[in-house]
Amino acid sequence: MSDTRGPIDDIINGLSDGKLTREQAREQLMSLQARPLGFATIDLDRPRRCGAAEVIFAEGKTAQHLVAIAQTLREQGSCVLATRCNRDHLQLVRSAFEKGHPLEIDELARTVMIGDAPTADARSPIAIVTAGTSDLAVAREAEVTCRALGQPTQLIADVGVAGLHRLLARLEEIRSADVVITVAGMEAALPSVVAGLIDAPIIAVPTSVGYGANFQGVTALLSCLNACASGIATVNIDNGFGAAYIAARINALASGPKAKAEEQ
């Protein structure tokens, strides 16, 4: 029989044996939940509570802070994802993790993934559908996030409603997905059209792509929020990460024990 004793058991035993004081035991227990770094407090308990490790939002952080947070998370053995990275972030991450860690840097998505992504027994890939090539950066952020959460993806790019035949040509691939992410700027008509053609839930990501009256994505956001088709949920402007996170949870449910039992 394998030894299932963990760090909490060690602390309890140390307290009962008199090797730890109450204050020492309390400090060690707290360290299992959070790690203070001075400039950040890393949530180490999130995988147990939420099923996935903390994700680093790099924008506004120095490259040194990003690396320190990533190193702390890697100590726990989890796959580390950082989003909204700039060139300074990417350069220092390459230097800090070039040896001994699987490293994937996507400059278009502005993401960094350190460590091996988990694998999942997904029934179907998450379809990520973009209206135009200009929406690819946001779509790639969604794609990398899904993979970091253990969910496969299929990217279907540049099938916006300005050429509806392009979308119809890929419709069977989109219909095979249990959840679909649409990424669209300009007037963001894509999610409404897709929702009228498939039975899967759609997560719409309005992007800031467009001319002046697009108002940096506000027009696209309002279009998604006011879509006449049913089955659409909308995340914030350019929020590929947020769309991917909820899509990954939906896809995990669709591939879980209940879904498999229904198939049998």
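Just above, that's the structure.
What comes next concerns the included structure. (Residues numbered from 1 in each chain as written. Predicted model: local features only at pLDDT ≥ 70, side-chain atom pairs only at ≥ 80, totals over all residues. Heavy atoms only, no water.)

**As for the pairing of strand β10 (residues 202–206)**
Next up, step 1: With respect to burial, β10 is a largely interior element, five of its five residues being buried.
Next up, step 2: Burial along β10 is two-sided: the face carrying I202, A204 and P206 and the face carrying I203 and V205 are both buried.
Next up, step 3: Considered for its hand, the β-α-β crossover made up of strand β9 (residues 180–184), helix α9 (residues 190–195) and β10 is right-handed.
Next up, step 4: The pairing of β10 with strand β11 (residues 232–234) spans three bridges and is classified as parallel. Bridge pairing links I202 to I232 in β11.
Next up, step 5: Each parallel crossover has a hand, and for β10 linked through helix α10 (residues 218–225) to β11 it is right-handed. (Buried < 20%, exposed > 50% of the residue type's maximum accessible area, 1.4 Å probe, protein only. Helix = DSSP H or I, 4+ residues; strand = E, 2+ residues; numbered from the N terminus. Right-handed = clockwise from strand over helix to strand, strands pointing away. Pairing = 2+ DSSP bridges.)

**Observations regarding the sheet that holds strand β4 (residues 80–83)**
Next up, step 1: Reading across from one edge, β3-β4-β6-β5 is the order of the four strands in this open sheet, with mixed pairing throughout. What marks the edges here is a single partner per strand, and that holds for β3 (56–57) and β5 (103–106).
Next up, step 2: The sheet contact formed by β3 and β4 spans two bridges and is parallel. When the bridges of β4 are listed, F57 appears paired with T83.

**Regarding the side chain of H89**
Next up, step 1: Residue position: H89 is located in helix α5 (residues 87–97).
Next up, step 2: The residues touching H89, leaving out its near neighbours within four places in the chain, are A58, K61, T62, A63, L66 and R84. (Contact = heavy atoms within 4.5 Å.)

**Observations concerning the sheet that holds β9**
Next up, step 1: Across the sheet, which stays open at both edges, the five strands sit in the order β8-β7-β9-β10-β11 with parallel pairing between neighbours. Each of the sheet's edge strands pairs with one partner strand only, and the pair in question is β8 (153–156) and β11. Neighbour-to-neighbour, the strand axes of the sheet open up by a mean angle of 20 degrees, direction not taken into account.
Next up, step 2: Of the strands in this sheet, β7 (126–130), β8, β9 and β10 are in contact with helix α6 (residues 136–148), which crosses β7 at around 170 degrees.
Next up, step 3: Taken strand by strand, α10 contacts β9, β10 and β11, and its axis lies near 160 degrees from that of β10. (Axes fitted to C-alpha atoms, helices over the stretch in contact; angles between N-to-C directions.)

**Notes on the packing of α6 against helix α11 (residues 240–254)**
Next up, step 1: At a minimum axis separation of 8 Å, α6 and α11 run at an interaxial angle of 35 degrees. Our pair here, α6 against α11, has a crossing hand that is right-handed. Of the residues in α11, those in contact with V138, E141, A142, T145 and C146 of α6 are G240, F241, A244 and Y245. (Left-handed = near helix turned anticlockwise from the far one by under 90°.)

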